[in-house]
Amino acid sequence: MSATIDGVFRDIGKLPSMNGPKPGDPFGNSTYGTLVDRPYKLVHLPVLDVVDFNERIVRGYEEGWGEEELPADLSVARSLIPAGTANLRDFSNIAPEIPEYIPQNCTGCMECVTECPDTAILGKVIGEDEFERRLQAIPEEDREMFRQQWAKTKKYYEGGKKKGLPGGLFQIIIDPSKCKGCAECVTICDDGALKMVQKTDEVMLKARKSHRYFKNMGPSDNRYISDNLLVDMMLKEETHIYVGGAGSCAGCGEGTALRMLCAATASKYGDQWGIVAATGCNTVYTSTYPYNPYLVPWTNSLFENAPAYAIGIRMRWDQMGWRDKPLWCIGGDGAMFDIGFQSLSRMLASGMNIKVFVLDTQVYSNTGGQASTSSYLGQNTKMSVHGKVLGGKQERRKEIAQICMMHPNTYVAQTTCAHYNHFYKSVLGALEYEGPAIVICYTTCQPEHGVADNMAAHQARLAVDSRAFPLLIYDPRKGERIRERLSLQGNPAPKEDWYRHPKTGQPITFIDFARTEGRFAKHFDKDGNPSPTLLAANQERLENWRLLQELAGLR
């Protein structure tokens, strides 16, 4: 392997491997593997040399000479990117702050690990006897520093002893090469176990060392991981199918959704499954050359035909005897609600065993923020701009969940990442269902919704509380009637019109939700009074909720 760099011929084979310590990354933080080190994921294709791609092409982009110096080659011509190349991407210098872990406050709830969109917050649990043995591999001068970063939580330490095991020590670590500083983890933590600190040379040296030692400590001890606690699945290396290094915005709600989808699927099928992705935001930040965060086969189709593309792949896989390999078809609200809806409907009607995951941002995020049929009444977007005559979008939101429920023998779920148990139940239920299934997930888009980087989960939770985006699972296996098949479990006060705040007793309405987001800001006057359009949107959301209650037999 060789390349001409800045006019100088260099033998790439004599340089340090990209999958280890190297100049600019002396502790090998940006390397393959999430909880432990892994080798490159190789494939046997005559047009793709994984080692050459990572050592030469990814190196060129990481060191800044790739665009001008690298020649065209077969991988570019065939639009091929090896699995997991985003592992090698370094985001250390893009944010001024980084989270700091406070172990004495930690309960081991795993919410921060679950909600991180960038695979930058990682967890591990090890028995205290084994921990002491593994600790000896760490340089003596850093052992005490690293020891202080492990927590004795009730969940793992005391819980382990109740099982007759040594107490389990738990650690949250921050991967400094993948963290974008969004602070979502700090916001989501109710225990005060994380705080944002300014990046200094000292802080970053400690973070880089600690992350390296974390990976060197080896895998979690599975004896402390309960399969009944779905949030604990990310303590296992095999669930990290969506690695860090994707180019999504800081705090991106879609990134969290994709990580959780991949983890849930991997918990049952390992890496024996695949993805068809419709063009949209999700394909931009997961396939910007040469970075790929997925460790499973992934292919990108046109905006309008991903479900049809998936039908072809499913048929071929079935011919090959791969009926037990799941196939997820992923797209945004444009690809599934709008231009690709006919393709989606045809796929659902086919009865084929294909799973669909909708990243519902209620707007065309990757093309500049245009309205979609998923957008809310009154929402201010491009193509539905709030002006003097019309106050934002004038159409009601299309309820794709209800439409899909009317397709024969189709599993339907509507969920959010903030309701992680409901999310995992929805995804695992879709995977278990023999036939077409669709999961619609609320995904906060910070720039288009007009919210802060750290607010994805908070806004998703508020969307459910305010009836803006009700949770539901429609499972045809549950009975012959719609009310037997449809569950609204997970929504607060499911028999009432509105959920009331437990402290104030005041109802939480769609207007309360809209008040927190920039996309509805123009609907409030200087005294905070909502516009007639927003009042109509509030009524429309109530009507949608009442319809769901009726279908579920709750009214």
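Look above for the structure.
Residues numbered from 1 in each chain as written. Predicted model: local features only at pLDDT ≥ 70, side-chain atom pairs only at ≥ 80, totals over all residues. Heavy atoms only, no water.

Caption draft 1: Up close: the side chain of Thr-381. Note that Thr-381 resides in the loop between strand E10 (355–360) and helix H15 (400–405). In terms of polar contacts, Thr-381 uses its side chain to reach the backbone amide nitrogen of Ala-371, at 3.1 Å. A distance of 2.6 Å separates polar atoms of two side chains, one belonging to Thr-381 and the other to Ser-384. Discounting residues that sit within four places of it in the chain, Thr-381 has contacts with Val-363, Gly-369, Gln-370 and Ala-371. (Helix = DSSP H or I, 4+ residues; strand = E, 2+ residues; numbered from the N terminus. Polar contact = N/O pair within 3.5 Å; in protein donor to acceptor, adjacent residues only side chain to side chain. Contact = heavy atoms within 4.5 Å.)

Caption draft 2: The arrangement of the packing of helix H6 (residues 140–147) against helix H9 (residues 201–216) in detail. Where H6 contacts H9, the axes come no closer than 11 Å and their chain directions differ by 90 degrees. Here H6 is positioned roughly perpendicular relative to H9, judged by the angle of their axes. Counted together, Asp-142, Met-145 and Phe-146 of H6 and Lys-206, Lys-209, Ser-210, Tyr-213 and Phe-214 of H9 form the full contact between these two elements. Partitioning the contact of H6 with H9 into residue classes produces four nonpolar, one polar and three charged. (Axes fitted to C-alpha atoms, helices over the stretch in contact; angles between N-to-C directions. Parallel < 35°, antiparallel > 145°, perpendicular 65-115°, else oblique. Nonpolar A, V, L, I, M, F, W, Y, C, P; charged D, E, K, R; others polar.)

Caption draft 3: Main features of the packing of helix H10 (residues 253–269) against helix H16 (residues 420–432). Relative orientation of the contacting elements H10 and H16 amounts to 50 degrees, with a least axis distance of 10 Å. Classified by the interaxial angle, the pair formed by H10 and H16 is oblique. As for the relative orientation of H10 and H16, their crossing is right-handed in sense. Together, Ala-257, Met-260, Leu-261, Ala-264, Thr-265, Ser-267, Lys-268 and Tyr-269 of H10 and Tyr-420, Phe-423, Tyr-424, Val-427, Leu-428 and Leu-431 of H16 make up the contact between the two elements. Residues that form the contact of H10 with H16 fall into these classes: eleven nonpolar, two polar and one charged. (Left-handed = near helix turned anticlockwise from the far one by under 90°.)

Caption draft 4: Structural context of the nonpolar core. Residues Trp-328 and Phe-357 are the most contacted members of the largest nonpolar core, which totals 136 residues. If one sorts the elements of this core by residue count, H10 sits on top with eight residues. By size, the runner-up hydrophobic cluster in this structure holds 14 residues, among which are Leu-35, Phe-131, Ile-138 and Leu-169. (Core = buried A, V, L, I, M, F, W, Y, C linked by side-chain atoms within 4.5 Å. Buried < 20%, exposed > 50% of the residue type's maximum accessible area, 1.4 Å probe, protein only.)

Caption draft 5: Structural context of the pattern of salt bridges. Applying the stated criterion across every chain yields a total of 31 salt bridges. As a salt-bridge pair, Asp-118 and Lys-180 come within 2.9 Å of each other at their nearest N and O atoms. Pair noted here: Asp-118 is in the loop between helix H4 (111–115) and strand E4 (121–127) and Lys-180 is in the loop between strand E5 (168–174) and helix H8 (184–188), with a separation of 62 residues, a long-range link. Of the two residues examined, Asp-118 and Lys-180, each falls in the buried class. In this structure, the salt-bridge partner of Asp-318 is Arg-314, at a minimum N-O distance of 3.1 Å. (Salt bridge = Lys/Arg side-chain N within 4 Å of Asp/Glu carboxyl O.)

Caption draft 6: Focus on the sheet that holds strand E11 (residues 411–416). Pairing within the open sheet is mixed, and its eight strands lie in the order E8-E7-E9-E10-E12-E11-E13-E14. Of all strands in the sheet, those bounded by a partner on one side alone are strand E8 (298–301) and strand E14 (486–487). For strand E7 (residues 274–278) and E8, the ladder comprises four bridges, and the chain directions are parallel. Along E8, the bridge assignment pairs Ile-275 with Trp-298. Helix H12 (residues 306–319) contacts E7, E8 and strand E9 (327–332) of the sheet and is inclined by roughly 170 degrees relative to E9. (Pairing = 2+ DSSP bridges.)

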